[in-house]
Amino acid sequence: MAAVDICKYTTTSPADTTPLSLLEKEGYDASNVVAVIGKTEGNGCVNDFSRTLSSHVWEAKIPSSAVTVFSGGTEGVLSPHVTFLVRSTKRTGLVACSGQTRDFAPNEVGTEVQSREVAGVIEKMVSEAGIRKSAVHLVLIKCPLLTSMDIEQIRAAGQTPLTTDTYESMAVSRYASAVGIALALGEITPDKVAVALHAENEPVWSSRASCSSGAELKNCHIMVLAADPQVENGRLRATSGYMKDAIDAGVLLEMLDKIKAEHGKVVQVFVKAEADPSGSIRGLRHTMSTDSDIHSTRHARAAVGGLVAGLVGDSAVYVSGGGEGQGPPGGGSLAIVYSV
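Residues numbered from 1 in each chain as written. Predicted model: local features only at pLDDT ≥ 70, side-chain atom pairs only at ≥ 80, totals over all residues. Heavy atoms only, no water.

## With respect to the overall build of the protein
Applied cut-off: A run of H or I in DSSP counts as a helix once it spans at least four residues, and a run of E counts as a strand once it spans at least two, with each numbered from the N terminus. In this treatment the radius of gyration is a C-alpha quantity, and the globule benchmark scales as 2.2 Å times the residue count to the 0.38 power. Accessible area is worked out with a 1.4 Å probe on protein chains only. A residue is then buried under 20% of its type maximum, exposed over 50%, and partly exposed in between. Throughout, a residue-residue contact means that at least one pair of heavy atoms, one from each residue, lies within 4.5 Å. Surface accessibility in these figures is a Shrake-Rupley result with a 1.4 Å probe; residues are shielded only by whichever protein chains are displayed. His is not counted, nor are the chain ends, whereas Lys and Arg count as positive and Asp and Glu as negative. The atom standing in for a charge is NZ when the residue is Lys, CZ when it is Arg, CG when it is Asp and CD when it is Glu.
When you go through the protein residue by residue, the secondary structure sums to eight helices and 14 strands. Radius of gyration (C-alpha) of the protein: 19 Å, near the 20 Å computed for a compact globule of 340 residues. Relative to its 340 residues, the protein shows a buried fraction of 59%. Within the protein, counting contacts between residues at least 6 apart in sequence, those at least 24 apart form 83% of the total. When the accessible surface of the protein is summed, it comes to about 13,900 Å², and 50% of that surface belongs to carbon and sulfur atoms. Between the averaged position of the 30 positive side-chain charges in the protein and that of its 37 negative side-chain charges there is a distance of 5 Å.

## Remarks on the pattern of salt bridges
As a reminder of what qualifies: By definition here, a salt bridge exists when the distance from a side-chain nitrogen of Lys or Arg to a carboxyl oxygen of Asp or Glu is within 4 Å.
One pass over the full model with this rule turns up 19 salt bridges. As a salt-bridge pair, Lys142 and Glu216 come within 3.6 Å of each other at their nearest N and O atoms. Residue Lys142 is located in strand β6 (residues 136–144), and its partner Glu216 is located in the loop between β7 (209–214) and β8 (221–227); the two are separated by 74 residues in the primary sequence. With relative accessibility at 21%, the residue Glu216 sits in the partly exposed group. One salt bridge connects Lys244 with Asp248, and the closest N-O pair in it is separated by 3.5 Å. A relative accessible area of 7% means that Asp248 is categorised as buried.

## Some details on the sheet that holds strand β9 (residues 236–243)
Rules: By definition, two strands form a pair when at least two bridges between them are found by DSSP. The angle between two axes is taken between their N-to-C directions and runs from 0 to 180 degrees, where each axis is a line fitted to C-alpha atoms and a helix contributes only its stretch in contact.
Ordered by their spatial adjacency, four strands build an open sheet running β9-β14-β10-β13, and the pairing between neighbours is mixed. Pairing within the sheet leaves two strands with one partner each, and these edge strands are β9 and β13 (318–321). Across this sheet, the average inter-strand angle for adjacent strands is 10°, counted without regard to direction. Pairing between β9 and strand β14 (residues 332–339): eight bridges, direction antiparallel. Note on β14: the bridge partner recorded for Ser240 is Ala335. Helix-sheet contacts for helix α7 (residues 249–261) involve β9, β10 (265–273) and β14, and the interaxial angle to β14 is about 20°. Lying on the sheet, helix α8 (residues 296–312) is in contact with β9, β10 and β13; it crosses β10 at an angle near 155°.

## Considering the UniProt feature "active site" (unreviewed entry) in the protein
Note the following rule: UniProt positions are given in the numbering used here, feature names are shortened, and annotations may be inferred rather than shown by experiment.
Sequence positions flagged by UniProt for "active site" (unreviewed entry) are, in local numbering, Lys142 and Ser212. Spanning 71 residues, the named residues nonetheless gather at one spot, since no C-alpha pair among them exceeds 5.1 Å. Owing to a relative accessible area of 2%, Lys142 belongs among the buried residues under this scheme. Topologically, Ser212 is positioned in strand β7. Given the relative accessible area of 5%, Ser212 is considered buried. In this structure Ser212 touches Val69, Phe70, Ser71, Ile141, Lys142, Cys143, Arg174, Tyr318 and Ser320, once residues within four positions along its chain are discounted.

## Some words on the environment of Leu20
Its location among the elements puts Leu20 in helix α1 (residues 19–25). Residue Leu20 is classed as buried on the basis of its relative accessible area of 12%. Separated by 16 residues in the primary sequence, Leu20 and Val36 place their C-alpha atoms 10 Å from one another. Residues contacting Leu20, with those up to four places away along its chain left out, are Ala30, Trp58, Lys61 and Phe84.

## So, the sheet that holds β6
Overall, mixed pairing links the eight strands, which are arranged β3-β2-β4-β1-β5-β8-β6-β7 in an open sheet. Each end of this open sheet is capped by a strand with a single partner; those strands are β3 (67–72) and β7. Adjacent strand axes in the sheet meet at a mean angle of 25°, parallel and antiparallel pairs treated alike. Inspection of the sheet shows β6 paired to β8 by six bridges, in the antiparallel sense. Residue pairing in the sheet places Ile141 in a bridge with Ile222 of β8. Sheet strands touched by helix α2 (residues 49–59): β2 (33–40), β3, β4 (81–87), β6, β7 and β8. Its angle to β3, the strand with the most contacts, is close to 155°. Against the sheet, helix α5 (residues 166–184) engages β6 and β7, with an angle of about 145° to β7.

Written out as structure tokens, the structure is:
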């Protein structure tokens, strides 16, 4: 566990590492980095090479113990950027820890194996850091997906793929990771994991989970952000909750009012977005899931990104598409970090 500071910078391309020099002006260097969390301007789908490029250039510059979490897709007003979590010599009010699971075999992606492995790593991280589960505001995960080669490998082994749709594999991997987070934070009991993954009418979700998937890794990169147990009211603070749907401005306004009352300033927003699987929002039909030209996750990022950016007054916010198990169906988890 480390007391952390949070610094955010816009980028000119997925390969832009100049923010590191800006970080140095704040008194930090690469050795202080706990995590690099970014938004890249690819399509956010299976073939989004912008995530791979960003991960490649940044992982060469940060400690092996640090993690990278890059989410593709900056539709609408969203601005490509990176957010650094860096170790601070002074208590800031927030703490973070990072970790990784083992690599998953293709047939394990999206399964109970992935959920329990994720839960085990998080539980160990939180326990060793001395963080109360109730103090956790955000668990951010980058998880794998199934490529066409992975699917063929599963078939060659005489097994049946969980899905033959590589795009759908992103969703099942995100959901398995989110179930793991819910288990680790005590939001569900161990016996509910199998039910959650196999019973479509009994989905579970966590308001503190944020998961994105990509072809650039075979394991899960995990970052936990929590309130510092040793500091009651620090310079950095976080508030978390969830949007009940894609147009839930009310919860954002409530959080912003809380921040304003504390004379705070928003540093970063982490939010999940998805097309409501019911096909409607507050009784009105949406067409995000029936657009054959643009994937629903891209629609959702643009819609929620515009809402969040407009209310916060900042377009360099972390809006990740695909909210399976990360907030209620059609909504999404929400965490705001602010300084006082």
